[in-house]
Amino acid sequence: MLFALDESNARVRATPNARATCPVCEAEVIAKTGEVNTWHWAHRSMSDCDSWHEGETPWHLHWKNLFVGELEIEKVITRGGKKHRADLVAKNGTVVEFQYSSISPSEIREREQFYGDMTWVVYCNSWNLARRYRTGNTGQKYVTFVWKHARRSFDYCTKQVFLDLGLGNMLEVKKFHSTKYGWGYERTRKWFIEAVKS
């Protein structure tokens, strides 16, 4: 996680020898401040208190760093006695979850029900996606795609999904057909960032 709480309950970033606690479980966390990875916090026990937690990849940390100081990152949300750490909360209140690895359909349903208004950003290298550009009856351009090695569980998403294709490109998925096929609109990462900030 990028942020933890210091002794005055202020959100702080990891720095060498800093001390802090987890904003969800209040357990002590360790500042990871090496030379290779983005500085971050980790639970001392090596297990995370949020059952939806997955390891923070450089991809996750890069996305979160794009919004530091502008939007709520790693916001703790409490509903029905449960606490979860949302990756990002957009200006309009929509939760944005950055998903690098596969997750089960049941976890997708749990997250969507818990967060309500949310958007998924899913890691998908562009080489893993064959695209064909088309024009609809109204003249609007769209893309049909085949997702090779698709993460089949994302067919269960009922909320908006964006595929991060890398190199500043994204695909706003409008419909998945039988898991690996679908259609949507090409967007730039810049377009997405501005949409989240507005």
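Refer to the structure presented above.
The notes below deal with the structure included here.

Cut-off values and rules
- Residues numbered from 1 in each chain as written.
- Predicted model: local features only at pLDDT ≥ 70, side-chain atom pairs only at ≥ 80, totals over all residues.
- Heavy atoms only, no water.
- Helix = DSSP H or I, 4+ residues; strand = E, 2+ residues; numbered from the N terminus.
- Rg over C-alpha atoms; globule rule 2.2 N^0.38 Å.
- Buried < 20%, exposed > 50% of the residue type's maximum accessible area, 1.4 Å probe, protein only.
- Salt bridge = Lys/Arg side-chain N within 4 Å of Asp/Glu carboxyl O.
- Pairing = 2+ DSSP bridges.
- Axes fitted to C-alpha atoms, helices over the stretch in contact; angles between N-to-C directions.
- Contact = heavy atoms within 4.5 Å.

### Remarks on the overall build of the protein chain
For step 1, the next point in the chain: Along the backbone of the protein chain there are three helices and 14 strands.
For step 2, the next point in the chain: Scaling as 2.2 N^0.38, a compact globule of 198 residues should have a C-alpha radius of gyration of about 16 Å, and the protein chain matches this with 18 Å.
For step 3, the next point in the chain: Each of the three principal axes of the protein chain carries a C-alpha extent, and together these read 60 × 35 × 30 Å.
For step 4, the next point in the chain: Counting all 198 residues of the protein chain, 43% fall into the buried class.

### Structural notes on the pattern of salt bridges
For step 1, the next point in the chain: What the rule picks out here adds up to 13 salt bridges.
For step 2, the next point in the chain: For D87, the salt bridge identified is with K64, shortest N-O distance 3.6 Å. Highlighted residues: D87 in strand β7 (residues 82-89) and K64 in helix α1 (residues 58-65), separated in sequence by 23 residues. By the burial criterion, D87 is buried, and K64 matches it.
For step 3, the next point in the chain: In this structure, R189 and D164 form a salt bridge, with 2.7 Å as the shortest nitrogen-oxygen distance. Of the two residues, R189 sits in helix α3 (residues 189-197) while D164 sits in strand β12 (residues 160-166), which places them 25 residues apart along the sequence. There is no split in this pair, since R189 and D164 are both buried.
For step 4, the next point in the chain: Here the residues in one salt-bridge network are E56, K64, E74 and D87, joined through shared partners.

### Re the pairing of strand β5 (residues 40-43)
For step 1, the next point in the chain: Because side chains alternate across β5, one face comprises the buried residues H40 and A42, and the other comprises W41 and H43, equally buried.
For step 2, the next point in the chain: When strand β4 (residues 28-32) meets β5, the two strands line up antiparallel, connected through four bridges. By the bridge assignment, I30 is partnered in β5 with A42.

### Focus on the sheet that holds β12
For step 1, the next point in the chain: Across the sheet, nine strands lie side by side as β6-β7-β8-β9-β12-β13-β14-β11-β10; this open sheet has mixed pairing. Each edge of the open sheet is held by one strand with a lone partner, namely β6 (72-79) and β10 (129-135). Here the strands of the sheet are splayed against their neighbours by 40° on average, with no regard to which way each runs.
For step 2, the next point in the chain: Helix-sheet contacts for α1 involve β6, β7, β8 (95-99), β9 (118-123), β12 and β13 (169-177), and the interaxial angle to β8 is about 155°.

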